[in-house]
Amino acid sequence: MATKIPRAAYAFLNGSATWACRFPEDCGVEGVEVLAEGAVFDTPYGKTVPLKVVRLGGEKPKDALVIPMHGWHLNAPHITHQQSSDQVFWLMREAGVKKILSDAGVGGLNPLLEIGDVILPDDFIEARTRRAETFGGQDMRMGAPFCGGLREALLEEARKVFPRVMRRGTTVVTEGPRFATRAEVHMLRAWGGDIVGQSVTPDVTYARAIGACIAVLNLVAYLAEDSGSDWPEAQLREFYNHNAPRVGRVLIEAMRRADSAEPCPSCGWQSGGPARWMDNR
Ligand SMILES: [Zn+2]
């Protein structure tokens, strides 16, 4: 049944790095209350996947949407990822979301990287053939696409949990669902890509279009095809089972540090602001 849209200034746009656990229940963090679960919302682009609404306790309690796997309808392949993104970003805009934290398991392109490394990218290259433009169809600056404040919060929390955390890096986004070929790996590396994934856009571009800050925690889950390392499915599953609650904990503690009331010096000057995105209603 469709649910009334709550007010929430924060959102967890979860991805493959937290997919293997129940977020936030399995993350071992005190003071997180689940206000609603299985909530489905009507949007002009169709019904969303079932979401949760949570409250992070503390001096200033924060209500946050919990959107699993970028909002993708994994059990309904006729609903495209683009349509799913349109749904959840419309919802976030209506709910008043201003700060988004996301995660994803990615492939390592940079030969310095190892499995289990955490990257907080500061830039991206969009290697998609089709761009999502439902939101932010107009010009939007991308000089600093990821929020500096949120990245700093993720950095401090991730360093408490993971041995190797990189404060910057360039992530390449491909369409998927297939992974890159060896020849493509060489090309993406020559472009300056450090890691490769399939979700950073439209999440990042849509976040800017709705006037929200976003940062992404990327966990290196496998190395590029030419690295000589294999990544059998059972090993990957074990990797994600182990790491999902750890990544989840980092996201929750980093969100506690975020303040939606503060104007963001990192993103504010580049954001289209309300006047721009309201044109797209
Ligand atoms: Zn920001």
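Here goes a summary of the coordinates provided. Note that the structure is a prediction, hence the values are computed from the model and not measured.

Rules of the game
Residues numbered from 1 in each chain as written. Predicted model: local features only at pLDDT ≥ 70, side-chain atom pairs only at ≥ 80, totals over all residues. Heavy atoms only, no water. Donors = N, O, S within 2.8 Å, 3.2 Å for Na, K, Ca; no water. Tetrahedral: all angles 85-135°; square planar, octahedral: opposite > 155°, others 65-115°. Buried < 20%, exposed > 50% of the residue type's maximum accessible area, 1.4 Å probe, protein only. Axes fitted to C-alpha atoms, helices over the stretch in contact; angles between N-to-C directions. Helix = DSSP H or I, 4+ residues; strand = E, 2+ residues; numbered from the N terminus. Parallel < 35°, antiparallel > 145°, perpendicular 65-115°, else oblique. Left-handed = near helix turned anticlockwise from the far one by under 90°. Contact = heavy atoms within 4.5 Å. Nonpolar A, V, L, I, M, F, W, Y, C, P; charged D, E, K, R; others polar. Pairing = 2+ DSSP bridges. Right-handed = clockwise from strand over helix to strand, strands pointing away. Polar contact = N/O pair within 3.5 Å; in protein donor to acceptor, adjacent residues only side chain to side chain. Salt bridge = Lys/Arg side-chain N within 4 Å of Asp/Glu carboxyl O. Core = buried A, V, L, I, M, F, W, Y, C linked by side-chain atoms within 4.5 Å.

Focus on the coordination of the zinc ion
Here's step 1: For the zinc ion, the full set of protein donor atoms is Cys 147 (SG), Cys 213 (SG), Cys 264 (SG) and Cys 267 (SG), at a range of 2.2 to 2.4 Å.
Here's step 2: One way to put it: the four donor atoms around the zinc ion meet at angles of 106 to 113°, and that makes the site tetrahedral.
Here's step 3: The sequence pattern formed by the donor residues of the zinc ion is C-x65-C-x50-C-x2-C. Cys 267 matches Cys 264 in its accessibility class, with the two residues each being buried.

Considerations on the packing of helix 2 (residues 148-158) against helix 5 (residues 233-257)
Here's step 1: One can describe the packing of helix 2 onto helix 5 by two numbers: an axis separation of 8 Å at closest approach and a directional angle of 130°. Between helix 2 and helix 5, the interaxial angle falls into the category oblique. Our pair here, helix 2 against helix 5, has a crossing hand that is right-handed. Contacts between helix 2 and helix 5 involve Ala 153, Leu 154, Glu 156, Glu 157 and Ala 158 from the first element and Val 250, Leu 251, Glu 253, Ala 254 and Arg 257 from the second.
Here's step 2: Its residues placed into classes, the contact of helix 2 with helix 5 shows six nonpolar, no polar and four charged.

Examining the pairing of strand 9 (residues 170-173)
Here's step 1: Of the two faces of strand 9, both are covered, the one formed by Thr 170 and Val 172 as well as the one formed by Thr 171 and Val 173.
Here's step 2: As paired strands, strand 7 (residues 123-126) and strand 9 are joined by four bridges and run parallel to one another. Within strand 9, the position partnered with Asp 123 by the bridge is Thr 170.
Here's step 3: Where the polypeptide runs from strand 9 across helix 3 (residues 182-191) and back to strand 10 (residues 195-197), its parallel neighbour, the crossover connection is right-handed.

Quick word on the side chain of Glu 126
Here's step 1: The topology assignment puts Glu 126 in strand 7.
Here's step 2: Look at Glu 126 and you get buried, because its relative accessible area is 18%.
Here's step 3: One polar contact links Glu 126 to Arg 131, side chain to side chain, over a distance of 2.9 Å.
Here's step 4: Looking at Glu 126, its side chain comes within polar contact range of the side chain of Thr 201, at 2.7 Å.
Here's step 5: When neighbours within four sequence positions are excluded, Glu 126 is seen to be in contact with Arg 131, Val 173 and Thr 201.

Considering helix 4 (residues 200-209)
Here's step 1: With ten of ten residues buried, helix 4 lies mostly within the body of the structure.
Here's step 2: Of the positions making up helix 4, those classed as buried are Val 200, Thr 201, Pro 202, Asp 203, Val 204, Thr 205, Tyr 206, Ala 207, Arg 208 and Ala 209.
Here's step 3: At the exit of helix 4 stands Gly 211, carrying a positive phi of roughly 75°.

Focus on the pattern of salt bridges
Here's step 1: Scanning the model with the defined rule gives 17 salt bridges in all.
Here's step 2: For Glu 126, the salt bridge goes to Arg 131, with nearest N and O atoms at 2.9 Å.
Here's step 3: Here Arg 131 falls in the exposed class, since its relative accessible area comes to 53%.
Here's step 4: A salt bridge links Glu 156 to Arg 257, with the shortest nitrogen-to-oxygen separation between them at 2.8 Å. Within this pair, whereas Glu 156 is found in helix 2, its partner Arg 257 is found in helix 5, the two being separated by 101 residues in sequence.
Here's step 5: Given a relative accessible area of 39%, Glu 156 falls into the partly exposed group.
Here's step 6: Overall, the relative accessible area of 42% leaves Arg 257 in the partly exposed class.
Here's step 7: Shared partners join several salt bridges into a network, and the residues in it are Glu 156, Glu 157, Lys 160 and Arg 257.

Focus: the environment of Met 142
Here's step 1: Here Met 142 is to be found in the loop between strand 7 and helix 2.
Here's step 2: The spatial distance from the C-alpha of Met 142 to the C-alpha of Asp 123 is 8.7 Å, given a sequence separation of 19 residues.

Regarding the environment of Val 29
Here's step 1: Topologically, Val 29 is positioned in the loop between strand 1 (10-13) and strand 2 (32-39).
Here's step 2: Val 29 sits 216 residues away from Pro 245 along the chain, and the two C-alpha atoms are 9.6 Å apart.
Here's step 3: Filtering out sequence-adjacent residues up to four positions away, Val 29 remains in contact with Arg 249, Ile 252, Glu 253 and Arg 256.

Describing the nonpolar core
Here's step 1: With 49 residues, the main nonpolar core has Phe 12, Leu 101, Val 118, Leu 154, Leu 217, Leu 219 and Leu 251 as its most contacted residues.
Here's step 2: Of the residues forming this core, the biggest block, ten residues, is contributed by helix 5.
Here's step 3: Not counting chain neighbours up to four residues away, the residues in contact with Leu 219 comprise Ala 17, Ala 104, Gly 105, Val 106, Gly 116, Asp 117, Val 118, Phe 162, Phe 239, Asn 243 and Val 247.
Here's step 4: The next biggest cluster of nonpolar side chains, apart from the first, holds 32 residues, and it includes Leu 65, Leu 91, Met 92 and Ile 100.

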